[in-house]
Amino acid sequence: MVLGTYKEIVSARATDKEIQNVSQDGGIVTGLLAYALDEKIIEGAVVAGPGEEFWKPEPMVAMTADEIIAAAGTKYTFSPNVMMLKKAVRQYGIEKLGTVAIPCQTMGIRKTQSYPFGVRFLADKIKLLVGIYCMENFPFASLQTFISEKMGIDPTLVEKMDIGKGKFWVYTQDDVFNIPLKETHGYEQDGCNVCLDYTCELADLATGSVGSPDGWSTVITRTEDGNSIFQQAVETGVFETKDMANVKPGLDLLEKLAAQKKDKNQKTIDKRKEMGLPVPY
Amino acid sequence: MSLIDRIKQFLGFKAKPDKEAKADEGASKKEVKKVAEEKAKPRIGYIHLSGCTGDVISLSENYDILAELLTNMVDIVYGQTLVDNWEVPEMDLALVEGSVCLQDEHSLQELMEVREKAAMVCAFGSCSATGCFTRYSRGGQQAQPAHESFVPIADLVKVDCAIPGCPPTPEIIAKTVVALINGDMDYLQPMIDLAGYTEACGCDLQLKVVNQALCIACGTCAMSCQTRALDMTNGRPELNEDRCVKCGICYVQCPRSWWPEEQIKKDLGL
Ligand code: SF4
Ligand code: SF4
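Residues numbered from 1 in each chain as written. Chains lettered and ligands numbered in written order. Predicted model: local features only at pLDDT ≥ 70, side-chain atom pairs only at ≥ 80, totals over all residues. Heavy atoms only, no water.

1. Points about the overall build of chain B
Thought 1: Per the secondary structure count, chain B includes twelve helices and nine strands.
Thought 2: In chain B, which comprises 270 residues, the share counted as buried stands at 51%.
Thought 3: Counting contacts in chain B only where the partners sit at least 6 residues apart, residues at least 24 apart contribute 74% of the total.
Thought 4: Counting every atom, chain B has about 13100 Å² of accessible surface; 52% of that belongs to carbon and sulfur. (Helix = DSSP H or I, 4+ residues; strand = E, 2+ residues; numbered from the N terminus. Buried < 20%, exposed > 50% of the residue type's maximum accessible area, 1.4 Å probe, protein only. Contact = heavy atoms within 4.5 Å. Areas by Shrake-Rupley, 256 points an atom, 1.4 Å probe, with all protein chains shown as cover.)

In structure tokens, the structure reads:
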């Protein structure tokens, strides 16, 4: 299945205006983690928070809904969140932990849970893993190149970045800039090119903008826990939903992108194997 | 088929033929009983070479299953602090903790004997599996200045499976035991593969992941390191060699070293 195993797929957005304003798309990650904190499903969450340098995120442990909201928005460079999970458990004493992760980070977490050779008493404390769709990730210096060199903007003025409609977008207070995605090719980290997972197939539930209209996100619920937490949040009114059949551009686009990633990267894997290079898949 | 026969068969050893259980009319009752008992409970030995005892302590942290395990499920037939027996007996599984010192005649002899008498040998903990921090030994210390060269047991004997960790966590030990009892070979396959991973170092991340264009900046390695020898710098692991004990856990946990997809999906119900 090109979208992985799932229970349900809907288009959704957070009903809270504050979350709508700060979030990338439908505010699913922010809304759900904040809800899980309020409902005591989790006691804290590891998220990609703002770092010291411009848009260079740092993993952080958020203990309140406000801290989660402050960290909202997609980051287009590395934030090694997995590293922070142990700290959240050991130094913050969190027994029930939530986190947000891209597909490859999710793989690291899930492998640690199934085979915890050297990581004590962490596996069973991860109660909610919200996955986000991911095509590729960029080293920080690649982002600098796009913004300073290709768009000619001072990076400190950038307020938001986005990928959509075949373009890489940068928002400042007064302006919107873009470059075609084609121009970003070759700047992604190479490890992404053997990854076959676009829709975070091992998360409790996964989300991203693709498939839904502006301001909305497509949510794929996967595990029992992920599905029930999301349903509860919808019933409580944290999210409003729409049937995927009634939204544009719809599921086809999500399936198309997921298949593209698999096809393209399977070719890279085959090529690497021909050259005798290692590939874990 | 009894539990241990199943395990042995899965590990590539020939299971004892079933007819042995149905002993001849002529065989004494005592013998029949002995065979039946042997089949019911795997005989396990614990061999303590050059290690710090951390591995067995980690094992004993599984309080909830330990009593049941020791009383009803296995027979501990050998082990310095566990059994009053100085002769290495026949056993089904030998758990070996610690690396082996080439200058220590007794350890060498014990290891060889264990290999002969045990159907399966498991390198239990990183010292046994990779040498771990004993790799740094250069001899010249009290009480045995000549004890200088410590190597993973696989350098000297055939090892059937390895459970690395400094120490391995109580959870991985419990999961392995449960898998053994259920004959769940899919779960155990990585342990069998890891028997070949004997030269470990934090620098494996650079050599085998970053240099091979496989690193994706997840930070799993830095989280897993039990001595905090790793940090993440610009999305790549950075090793503080002074803290690295060469346990191999960072590379073992990295999602880009080996990838147990089917097992993970099973565990998640996906
Ligand atoms: S870096 Fe840490 S986990 Fe990796 S081998 Fe060294 S001590 Fe072990
Ligand atoms: S665990 Fe993640 S960050 Fe560490 S080497 Fe492997 S892929 Fe890179």
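Now, onward.
2. A word on the packing of aromatic side chains
Thought 1: Tallying each qualifying case throughout the model produces 14 aromatic pairs over all chains.
Thought 2: Judged by centre distance (6.5 Å) and plane angle (75°), the ring pair of Phe117(A) and Trp258(B) falls under edge-to-face. In this pair, Phe117(A) is assigned in the loop between α5 (103–114) and β5 (126–132) and Trp258(B) in the loop between α11 (249–253) and α12 (261–268), connecting two distinct chains. Taken individually, Phe117(A) and Trp258(B) each receive the classification buried, so the pair is uniform in this respect. (Phe/Tyr/Trp six-rings, centres within 6.5 Å; stacked < 30°, edge-to-face > 60°.)

3. Focus: the environment of Pro249(A)
Residue and element names in this part refer to chain A.
Thought 1: Along the chain, Pro 249 falls in the loop between β11 (239–243) and α8 (251–275).
Thought 2: Separated by 130 residues in the primary sequence, Pro 249 and Val 119 place their C-alpha atoms 42 Å from one another.
Thought 3: Excluding its chain neighbours within four sequence positions, the residues that come into contact with Pro 249 are Gly 211, Ser 212 and Pro 213.

4. Brief notes about the domain arrangement of chain A
Residue and element names in this part refer to chain A.
Thought 1: On domain assignment, one finds that chain A holds domain 1 (8–137 + 191–275) and domain 2 (142–187).
Thought 2: Here the C-alpha centre of domain 2 lies 23 Å away from the C-alpha centre of domain 1.
Thought 3: Of the roughly 940 Å² buried where domain 1 meets domain 2, counting both sides, 58% is carbon and sulfur surface.
Thought 4: Close ionic contact of Lys 165 with Asp 214 constitutes a salt bridge, the shortest N to O distance being 3.6 Å.
Thought 5: Viewed at the interface, domain 2 and domain 1 are joined by one residue pair in polar contact (both at pLDDT 80 or more).
Thought 6: Within the side of domain 1 that touches domain 2, the residues separate by chemical class into three nonpolar, three polar and two charged. (Domains from an automatic or database assignment. Buried area = accessible area lost by both parts, 1.4 Å probe. Salt bridge = Lys/Arg side-chain N within 4 Å of Asp/Glu carboxyl O. Polar contact = N/O pair within 3.5 Å; in protein donor to acceptor, adjacent residues only side chain to side chain. Nonpolar A, V, L, I, M, F, W, Y, C, P; charged D, E, K, R; others polar.)

5. Here's the deal with the domain arrangement of chain B
All names here are of chain B.
Thought 1: Entries for chain B in the domain assignment read domain 1 (3–196) and domain 2 (203–268).
Thought 2: On the side of domain 2, twelve residues touch domain 1, which itself brings 16 residues to the contact.
Thought 3: Summing both partners gives a buried area of about 1000 Å² for domain 1 against domain 2, and 60% of it is carried by carbon and sulfur.
Thought 4: The tally of links between domain 1 and domain 2 comes to one salt bridge.
Thought 5: With a shortest N-O distance of 3.8 Å, Lys 266 and Asp 184 are connected by a salt bridge.
Thought 6: Connecting domain 1 to domain 2 are six residue pairs in polar contact (both at pLDDT 80 or more).
Thought 7: Elements with a minimum of two residues in the side of domain 1 that touches domain 2: α6 (126–130) and α8 (185–194).
Thought 8: Top element by residues in the side of domain 1 that touches domain 2 is α8. It accounts for four residues.
Thought 9: Counted by class, the side of domain 1 that touches domain 2 contains nine nonpolar, three polar and four charged residues.

6. What to know about the site of ligand 1
Thought 1: Near ligand 1 lie 13 residues; those nearest to it are Cys225(B), Cys244(B), Val245(B), Cys247(B) and Cys250(B).
Thought 2: Among the residues forming the shell around ligand 1, the class breakdown is nine nonpolar, three polar and one charged. (Near = heavy atom within 4 Å.)

7. Quick notes on the sheet that holds strand β6 (residues 160–164) of chain A
Residue and element names in this part refer to chain A.
Thought 1: Overall, antiparallel pairing links the three strands, which are arranged β6-β7-β8 in an open sheet. Edge positions in the sheet fall to β6 and β8 (176–180), since each has one partner strand and no second. Along the sheet, successive strands turn relative to each other by an average axial angle of 20°, direction set aside.
Thought 2: As defined by bridge partners, strand β7 (residues 167–171) adjoins β8 across five bridges and the pair is classed as antiparallel. (Pairing = 2+ DSSP bridges. Axes fitted to C-alpha atoms, helices over the stretch in contact; angles between N-to-C directions.)

8. Quick look at the packing of α5(A) against α12(B)
Thought 1: Where α5(A) meets α12(B), the closest approach of the two axes is 10 Å, and the angle between their N-to-C directions is 80°. Classified by the angle their axes make, α5(A) and α12(B) are roughly perpendicular. On α12(B), the residues that touch Arg110(A), Lys111(A) and Ser114(A) of α5(A) are Gln263(B), Ile264(B), Asp267(B) and Leu268(B).
Thought 2: When grouped by side-chain class, the residues that make up the contact of α5(A) with α12(B) number two nonpolar, two polar and three charged. (Parallel < 35°, antiparallel > 145°, perpendicular 65-115°, else oblique.)

9. With respect to the environment of Cys122(B)
Residue and element names in this part refer to chain B.
Thought 1: Within the secondary structure, Cys 122 is located in strand β5 (residues 118–124).
Thought 2: Along the backbone, Cys 122 and Asp 160 are 38 residues apart, and their C-alpha atoms lie at a distance of 5.9 Å.
Thought 3: Dropping the residues within four chain positions of it, Cys 122 is found in contact with Leu 93, Ala 94, Leu 95, Val 96, Cys 161 and Ile 163.

10. Concerning the interface of chain B and chain A
Thought 1: Contact residues are listed per partner, giving 53 residues for chain B and 41 residues for chain A.
Thought 2: Of the roughly 4100 Å² buried where chain B meets chain A, counting both sides, 63% is carbon and sulfur surface.
Thought 3: Among the residues of chain B in contact with chain A, Met223(B), Trp259(B) and Leu270(B) are the three that bury the most area, contributing 19% of the side total.
Thought 4: Summed over the shared surface of chain B and chain A, the result is one salt bridge.
Thought 5: The partner of Arg120(A) in a salt bridge is Glu61(B), with the nearest N and O atoms 2.8 Å apart.
Thought 6: Of all the secondary structure elements, the ones that give two or more residues to the side of chain B that touches chain A are α7 (170–182), α8, α10 (220–224), β8 (230–233), α11 and α12 of chain B.
Thought 7: In the side of chain B that touches chain A, the residues fall into 31 nonpolar, 13 polar and nine charged.

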